[in-house]
Amino acid sequence: MIAPKPKSRPDRVSLWRYMQLFRRDILSAQPERLYRAWMAEFRTPFFRSYLANDPALVRTILNDRPADFPKSNRIGEGLRPLLGNSVFLTNGATWEKQRRIIDPAFERGRLAQSLPAMWDAGQAMVARVLDQIGTGTEVEIEEITSHAAADVIFRTLFSIPIEDDTASAVFHEFRRYQRAQPILNLAAFVPLPKWVPRFHASDTKASARRIRTLITDLTRRRMTEIDAGTAPDDLATRIMTTRDPETGDAFTIDEMVDQVAIFFLAGHETSASALAWALYLCAAAPKWQSAITQEAGELHSAKDAKRLTTSRDVFRETLRLYPPVPMMVREATKPETFRKRAIPKAAQLVLSPWHLHRHTRMWDDPDVFDPSRWQMPESKQSIRDAYMPFSTGPRVCPGSGFAMAEGPLLLSMLLRAVELAPIDGKTPEPVAHLTVRARDGIWLHASPRRAQATDGSG
Ligand code: HEM
């Protein structure tokens, strides 16, 4: 099955046309030739940017010399009112310290402690969906997965379900914030002079302020519980009680609020996007839907999650075709020579899971949804050189293990309870918002499976 692509993949376009396309949608602006290029240059009147698809270049920038290619400030501009000085935006010594405190909470052994909360969120999602669909109806899947992924984050981070008043207020405010946000990576490509108002529209700022007030309240309450010895053992407690092994410092309340904002944003937007596309792909490929359903018969508690190998392959293949973070941007701190081309200082370097994962010289049938490729020895090199949905190197996503536990678990839990089918004339078209979403949502027909498979006993 060929996975749906963005509408236009123009081959030769003028810079002006490219900019226009970008404003409409970053993914459909990508010319066909970039899916076979090792490197490409975009000259703008204000700066240069380069797309790096060559695996050796990607390694240089992300793995071998990451300090020479810090995160570009252009990306942070739109997110700073919400994320403050969070680990997603910082560079250098501040970033290193933040990762030293955060990373231990996501280590493999400790991750297992988050599984029961993920399981509870999965059960709640299934109950909500069954309630919504009755005997069968059309549903918008992104809405469902956003709700479920937000629930996972609140339960794992603060031990509260999405129905909690504060959790629900944060969730709804985030949705408003997202709607007010234009395309995340725009500023890295399109030459907007500094004086052009971009991201900080007043409603975005006000929304960010409201979210931060709510999160501050949650964090303060947690600090009181930690001091009183009554705090639950969840991600927030683990992070707030970890001290930097080098300086002995723990996060202050303000520092923790910044991190909570990024955990919520990075952790729920991305997982919701991936799960929605996975469900769409399973609806469109019934063979894989029934393979997952069968495998899920063995799923009796969160501990069984590690047995979901088919579900994991489907989820990996989904992350290949629809990487939630389609592109990342770094900045050259000094002149470089890449593939015999001179790269000036301050050039913007675009690392693109979107292009790499569909690169015609690195994958067989790149646009085809085929989870079986994950078990084939001949895929090894493509996976090593051209697969990075979580980025790579020291700045790799700290939540990758968490997401790879959550995604397949929720996918299996939903599919064993609900049968999905595509709707004629409603093929979703991917577009880049904060993550890769469908232009008009993902609409599927959903009907309940046999009653005994959905009794939710676990
Ligand atoms: C399918 C789900 C996810 C995907 C595809 C994903 C992908 C990514 C990518 C590509 C980056 C690097 C961005 C860049 O360098 O510009 C990143 C960073 C990050 N992610 Fe994730 N992520 C996912 C889930 C999560 C979860 C569940 C959490 C936390 C609970 C999380 C927390 C973070 C944080 C804190 C960073 C910033 C790390 C840093 O800059 O040092 N992510 N993620």
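Whatever comes next refers back to the structure up there.
Calculation notes
- Residues numbered from 1 in each chain as written.
- Predicted model: local features only at pLDDT ≥ 70, side-chain atom pairs only at ≥ 80, totals over all residues.
- Heavy atoms only, no water.
- Pairing = 2+ DSSP bridges.
- Helix = DSSP H or I, 4+ residues; strand = E, 2+ residues; numbered from the N terminus.
- Axes fitted to C-alpha atoms, helices over the stretch in contact; angles between N-to-C directions.
- Contact = heavy atoms within 4.5 Å.
- Buried < 20%, exposed > 50% of the residue type's maximum accessible area, 1.4 Å probe, protein only.
- Polar contact = N/O pair within 3.5 Å; in protein donor to acceptor, adjacent residues only side chain to side chain.
- Lys, Arg positive; Asp, Glu negative; His and termini not counted.
- Salt bridge = Lys/Arg side-chain N within 4 Å of Asp/Glu carboxyl O.
- Donors = N, O, S within 2.8 Å, 3.2 Å for Na, K, Ca; no water.
- Near = heavy atom within 4 Å.
- Nonpolar A, V, L, I, M, F, W, Y, C, P; charged D, E, K, R; others polar.

Colleague: I'd like to hear about the sheet that holds strand β7 (residues 348-351), residue by residue, with values.
Modeller: On the basis of which strands lie adjacent, the open sheet formed by 4 strands has the order β1-β2-β7-β4 and mixed pairing. Both outer strands of the open sheet, β1 (39-43) and β4 (328-331), are each paired with one neighbouring strand and no more. The average angle at which neighbouring strand axes cross in this sheet is 25°, direction not considered. Along the sheet face, helix α2 (residues 55-64) touches β1, β2 (48-52), β4 and β7 and points at about 110° away from the line of β7.

Colleague: Account for the side chain of Q98, with residues named and values stated.
Modeller: Relative to the helices and strands, Q98 is located in helix α4 (residues 92-102). For Q98, a relative accessible area of 5% puts it in the buried group. Here T90 takes part through its side chain, which lies 2.7 Å from a polar atom of the side chain of Q98. Discounting residues that sit within four places of it in the chain, Q98 has contacts with N85, S86, V87, T90, F251 and Q259.

Colleague: Go over the side chain of R330, please, and point to the residues and values.
Modeller: Take R330: it is sitting in strand β4. Despite being buried, R330 has no salt bridge partner; E331 is the closest side chain of opposite charge, sitting 10 Å away. Residue contacts for R330: discarding those within four places in its chain leaves I61, L62, F69, P70, K71, S72, A347, Q348, L349, L351, S391 and R395.

Colleague: Tell me what's going on with the coordination of the iron atom of the ligand, and back it up with residues and numbers.
Modeller: Counting protein donors around the iron atom of the ligand gives one, C397 (SG), at 2.3 Å. By the secondary structure assignment, C397 is in the loop between α16 (380-386) and α17 (400-417).

Colleague: Describe the site of the ligand, naming the residues involved and giving the relevant values.
Modeller: W95, R99, R330, R395 and C397 are the nearest of the 25 residues found near the ligand. With respect to the ligand, the backbone of V87 contributes an N or O atom lying 3.3 Å from an oxygen atom. Sorting the residues of the shell around the ligand by element identifies α4, α12 (253-284), β4 and α17 as the ones contributing at least two each. Per-element tally for the shell around the ligand: the top contributor is α12, with 5 residues. In terms of residue class, the shell around the ligand is built from 16 nonpolar, 5 polar and 4 charged.

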